[in-house]
Amino acid sequence: MAVFSLERTVPLAPDEAWRRLTRWERHGDTVPLTRVTARPPGPTHPGTLVVARTGAGPLAFDDTMEVTVWRPPREDAPGRCRLEKRGRVVGGWAEIEVGAGPGGRARVVWREELDVRLLPSFLDGLLARSGRHVFGRTVTHLLRHP
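All values derive from a computational prediction rather than experimental measurement.

### Looking at the overall build of the protein
Step number 1: If you tally the helices and strands in the protein, you get two helices and seven strands.
Step number 2: Taken from N to C terminus, the helices and strands of the protein fall in the order β-α-β-β-β-β-β-β-α.
Step number 3: What you see for the protein is a C-alpha radius of gyration of 15 Å, in line with the 15 Å of a compact globule of 146 residues.
Step number 4: Expressed as lengths along the three principal axes of its C-alpha atoms, the size of the protein is roughly 45 × 35 × 25 Å.
Step number 5: Residues classed as buried in the protein amount to 42% of the 146 residues present.
Step number 6: Residue pairs at least 24 apart in sequence account for 49% of intrachain contacts in the protein once pairs closer than 6 positions are excluded.
Step number 7: Here the protein has roughly 8000 Å² of accessible surface; of this, 57% comes from carbon and sulfur atoms.

Shown next as C-alpha cells:
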C-alpha cells in the first residue's frame, strides 16, 4: 500500500475550493487517458459512485470509488469527503478536507491510501511518489480553474 498526502492553501473561500475539488468529472482533466463520471447524476451524497476509467480498449480499467462521508465545509467546521475504492484493480481510500486557512484563504488536505493489486509491495514508495505527483497536479489544476 502506498500512502501519501498533500496540502494546498489557496486564495479561495472554503466553499468554492470544495466545489472545485468535488466536480468529479473534472478530475480526469490532467490524467492521461482517464474519464471520470459520477452516478447517480445530481448532488453528491454518501453512496454516490465516482468512476475513473483509465486506459484504452481492452487495457482500460475502472477505479470505482464510493463516497462514504460527505460533509461540505461550514463556517465553524472544515468539510470532509471520504471515498472508498471498490475496484478490482485499485483499492484503498482518499480523503479531501477543506477548511479555513490563514488570511481568509482555503486550506486543502488530500490524503490517500492506494493499493494497486497486481503491483508488488516493493514498488509502494514509487507508487506513493507517483500518486503525490499526479494528484498534486490534479488538485492544483482544479483549484486554479473554476
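Picking up after the structure, the text goes on.
### What to know about the pairing of strand β3 (residues 49-54)
Step number 1: With six bridges joining them, strand β2 (residues 34-39) and β3 adopt antiparallel strand pairing. Looking across to β3, one finds that R35 is bridged to R53.
Step number 2: Judged from the six bridges that link them, β3 and strand β4 (residues 61-71) form a sheet pairing that is antiparallel. Paired with R53 across the bridge in β4 is D62.
Step number 3: Counting the residues between successive antiparallel strands, the hairpin from β3 to β4 contains six residues, one of them, G55, with a positive phi of roughly 115 degrees.

### Overview of the nonpolar core
Nonpolar side chains in soluble globular proteins generally cluster together in the buried interior.
Step number 1: Counting residues in each nonpolar core, the largest one holds 29 residues, and the members touching the most others are L21, L83, I96, V98 and L143.
Step number 2: Put simply, the parts of the chain that give this core at least two residues each are β1 (2-10), α1 (14-21), β3, β4, β5 (79-86), β6 (90-100), β7 (106-116) and α2 (124-144).
Step number 3: Beyond its immediate stretch of four places on either side in the chain, L143 contacts R8, V10, L12, A17, R20, L21 and V108.

### Describing the packing of aromatic side chains
Step number 1: Applying the stated rule across the entire model yields three aromatic pairs.
Step number 2: The interplanar angle of 25 degrees and the centroid separation of 5.8 Å between the aromatic rings of F4 and F135 together place this pair among those described as stacked. Separated by 131 residues along the polypeptide, F4 in strand β1 and F135 in helix α2 bring together distant segments of the chain.
Step number 3: When its relative accessible area of 3% is taken as the criterion, F4 is described as buried.
Step number 4: Arranged with centres 5.0 Å apart and planes meeting at 55 degrees, the rings of W18 and W70 form a pair that is tilted. Taken together, the positions of W18 in helix α1 and W70 in strand β4 put the pair 52 residues apart, joining distant regions of the chain.
Step number 5: What links up through ring pairs into an aromatic cluster is the set F4, W110 and F135.

Cut-offs applied
- Residues numbered from 1 in each chain as written.
- Predicted model: local features only at pLDDT ≥ 70, side-chain atom pairs only at ≥ 80, totals over all residues.
- Heavy atoms only, no water.
- Helix = DSSP H or I, 4+ residues; strand = E, 2+ residues; numbered from the N terminus.
- Rg over C-alpha atoms; globule rule 2.2 N^0.38 Å.
- Buried < 20%, exposed > 50% of the residue type's maximum accessible area, 1.4 Å probe, protein only.
- Contact = heavy atoms within 4.5 Å.
- Areas by Shrake-Rupley, 256 points an atom, 1.4 Å probe, with all protein chains shown as cover.
- Pairing = 2+ DSSP bridges.
- Core = buried A, V, L, I, M, F, W, Y, C linked by side-chain atoms within 4.5 Å.
- Phe/Tyr/Trp six-rings, centres within 6.5 Å; stacked < 30°, edge-to-face > 60°.

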